[in-house]
Amino acid sequence: MGHYIVRRIMIAIPVFFGITLLSFLIMNMAPGNPVDMLINPNIPKEMLELKKERLGLNDPLFVQYVKWLGGFLKGDLGYSFSSFAPVSQLIGERIGPTLLLASSSLLVGILIAVPVGVISAIHQNSKLDYIMTGLSFLGTSIPPFFLGLGLIYMMGIELKWLPTGGMKTLGGTGGISDIILHMILPVTVLGVTIAGKKVRYVRASMLDVLQQEYLRTARAKGLSEFIVTNKHALRNALIPIITVVGAEIPLLLGGSIIIEQVFQWPGIGQLTMEAILSRDYPTLMGLNLVAACIVLSTNLITDILYAAVDPRISYN
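Residues numbered from 1 in each chain as written. Predicted model: local features only at pLDDT ≥ 70, side-chain atom pairs only at ≥ 80, totals over all residues. Heavy atoms only, no water.

Visitor: Explain a nonpolar patch on the surface to me, please; I cannot follow it from the model alone.
Guide: There is a patch of nonpolar side chains on the surface, built from Tyr153, Met154, Ile157, Leu159 and Trp161 and spanning about 550 Å² of accessible area. Its place among the elements puts Ile157 in helix H6 (residues 144-158). Residue classification places Ile157 among the partly exposed residues on the basis of a relative accessible area of 43%. (Patch = residues over 30% accessible without salt bridge, like charges linked within 9 Å, V, L, I, M, F, W, Y side chains within 5 Å. Areas by Shrake-Rupley, 256 points an atom, 1.4 Å probe, with all protein chains shown as cover. Salt bridge = Lys/Arg side-chain N within 4 Å of Asp/Glu carboxyl O. Helix = DSSP H or I, 4+ residues; strand = E, 2+ residues; numbered from the N terminus. Buried < 20%, exposed > 50% of the residue type's maximum accessible area, 1.4 Å probe, protein only.)

The structure is reproduced here in structure tokens:
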């Protein structure tokens, strides 16, 4: 296992730098530059050109990338073009809320999808199966931003049960209970979206496993249906489920950008939108860096979980 992890890391390193190069090129292919956002009738063109020179925007793209890469290798991600704060500081302040929101949503989605998918597979073609499958399609079909706005209107404005945005109450103590209250609506939206997509995968995987001969043997030995289903069938059905859950994490980060905007959640999704609108290149590169690290780490962890769930898989 140790040698396999080392090999995967060695493969991930060039992929990582390739992602940074591609991101840098795509970002600079967009028309305009950050200085364009400062244009107003009172700023002379000479001042704009001087600003571009100071920011290094007049350098060739290759030189700009090499400068950024050199700073990154020294642990310096540069400074934001809009706030002039260190990019590492901006990301460090925002990544915690995003990880909290994303991990909670993923946990809620899995806790809903796995039991619902298992029950649906056990009661295949029954009314309960049709109801659960229909609800999963409904959860997948509703756009997250629309569901979020609907919950804000119903739970926050009409019933006034839950806060409609932010991570803490303004002027409040900001305790754990306050954060949990603010998390309920965005976590519900993302959790329902994840569960809606994963229920069908769990159901299909369980149906495939339930038809295997070794489960008939387990029943013939007198094992209860609960043990047969939850110990033998579910464990073997987890491998394809791990794959789709691992693939969900990058999509979850992308989806959190919209949800963080809807609920004004102070995470990297909101920071990403601010950086895009202001064409803040250093901040965008730092955010792409974080996203690349998360995706590559997720792929490695998914492979390790394969071996943990199925002893037949060995990476030696």
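Now, onward.
Visitor: Looking at this structure, I do not really get the layout of surface pockets. What am I missing?
Guide: In this approach the atoms are scanned with a rolling probe the size of a water molecule, which exposes any empty space left behind. Here the largest pocket defines a volume of roughly 530 Å³. Leu55, Gly78, Tyr79, Phe81 and Pro282 are the residues nearest the centre of the largest pocket, which is lined by 24 residues in total. Of all elements in the fold, only helix H1 (2-29), helix H2 (45-55), helix H3 (61-73) and helix H11 (281-309) reach the threshold of two or more residues within the lining of the largest pocket. When the residues that make up the lining of the largest pocket are grouped by side-chain class, the tally is twelve nonpolar, six polar and six charged. Each pocket or cavity is described by its volume, and for the second largest pocket that value is around 310 Å³. Around the second largest pocket, the lining comprises 18 residues; the ones closest to its centre are Ile257, Thr272, Leu287, Asn288 and Ala291. Elements that contribute at least two residues to the lining of the second largest pocket include exactly H1, helix H9 (225-262), helix H10 (268-278) and H11. (1 Å grid on protein atoms, 1.4 Å probe; cavity = no way out; pocket = protein on both sides within 12 Å on 5 of 7 lines; lining within 4 Å. Points joined across faces, edges and corners; volume = space filled by probe spheres on them. Nonpolar A, V, L, I, M, F, W, Y, C, P; charged D, E, K, R; others polar.)

Visitor: In this structure, what is going on with the domain arrangement of the chain? I would like to understand it.
Guide: As far as domains go, the chain holds domain 1 (2-73) and domain 2 (93-309). Of the residues lining the interface, 22 residues belong to domain 1; the matching set on domain 2 comes to 15 residues. In total, about 1600 Å² of surface goes out of reach between domain 1 and domain 2, with carbon and sulfur atoms giving 76% of it. Among the residues of domain 1 in contact with domain 2, Arg8, Phe16 and Met27 are the three that bury the most area, contributing 31% of the side total. Inspection of the domain 1/domain 2 interface yields zero salt bridges. (Domains from an automatic or database assignment. Contact = heavy atoms within 4.5 Å. Buried area = accessible area lost by both parts, 1.4 Å probe.)

Visitor: Would you explain the packing of aromatic side chains in this entry?
Guide: The geometry of two aromatic rings is summed up by the distance between their centres and the angle between their planes. This structure, assessed with the given rule, holds seven aromatic pairs. Judged by centre distance (6.4 Å) and plane angle (55°), the rings of Phe81 and Tyr281 are tilted. Remark: Tyr281 occurs in helix H11 and Phe81 occurs in the loop between H3 and helix H4 (87-122); sequence separation between them is 200 residues. Assigned by exposure class, Phe81 and Tyr281 land together as buried. Chaining the aromatic ring pairs together yields one cluster made of Phe16, Phe17, Phe24, Tyr65, Trp68 and Phe72. (Phe/Tyr/Trp six-rings, centres within 6.5 Å; stacked < 30°, edge-to-face > 60°.)

Visitor: Explain the UniProt feature "transmembrane region" (unreviewed entry) in the chain to me, please; I cannot follow it from the model alone.
Guide: UniProt tags residues 9-30, 99-122, 134-155, 175-196, 237-259 and 287-309 as "transmembrane region" (unreviewed entry). Taken as a whole, residues 9-30 contains 95% helix and 0% strand, while its terminal C-alpha atoms sit 32 Å from one another. Helix makes up 91% of residues 134-155 and strand 0%, and the two end C-alpha atoms of the span are 24 Å apart. (UniProt positions renumbered as here; feature names shortened; annotations may be inferred.)

Visitor: I'm lost on the packing of H6 against H9 in this one. Help?
Guide: Angle between the axes and distance between the axes: these two values describe a pair of packed helices. Here H6 crosses H9 at 25°, and the two axes come no closer than 10 Å. The pairing of H6 with H9 is recorded here as roughly parallel in orientation. Read as a crossing pair, H6 and H9 show a hand that is right-handed. Contacts from Pro144, Phe145, Gly148, Leu149 and Ile152 of H6 reach H9 at Ile258, Ile259 and Val262. By residue class, the composition of the contact of H6 with H9 is seven nonpolar, one polar and no charged. (Axes fitted to C-alpha atoms, helices over the stretch in contact; angles between N-to-C directions. Parallel < 35°, antiparallel > 145°, perpendicular 65-115°, else oblique. Left-handed = near helix turned anticlockwise from the far one by under 90°.)

Visitor: Can you walk me through the environment of Leu77 in this structure?
Guide: Position of Leu77 among the secondary structure elements: in the loop between H3 and H4. According to the relative accessible area criterion, Leu77 is buried, its value standing at 15%. Dropping the residues within four chain positions of it, Leu77 is found in contact with Trp68, Phe72, Val87, Ser88, Pro282, Gly286 and Leu289.

Visitor: Is there a simple way to think about the pattern of salt bridges in this case?
Guide: For side chains of opposite charge, pairing can occur when their charged atoms come near one another. Counted under the stated rule, the structure contains three salt bridges. Of the charged contacts, one joins Asp59 and Lys67 as a salt bridge, the two residues approaching to 2.7 Å between their closest N and O atoms. In this structure Asp59 comes out as partly exposed when scored by relative accessible area, which is 21%. For Lys67, a relative accessible area of 54% gives the class exposed. A salt bridge links Arg94 to Glu274, with the nearest nitrogen and oxygen atoms 3.6 Å apart. Taken together, the residues Arg94 in helix H4 and Glu274 in helix H10 connect sequence positions 180 residues apart. Arg94 sits in the buried class, given a relative accessible area of 17%.

Visitor: Mind showing me how you'd approach the side chain of Arg94 here?
Guide: Within polar-contact distance, the side chain of Arg94 engages the backbone oxygen of Gly267 at 3.2 Å. Excluding residues within four positions of it along the chain, Arg94 makes contact with Pro266, Gly267, Ile268, Gln270, Leu271 and Glu274. (Polar contact = N/O pair within 3.5 Å; in protein donor to acceptor, adjacent residues only side chain to side chain.)

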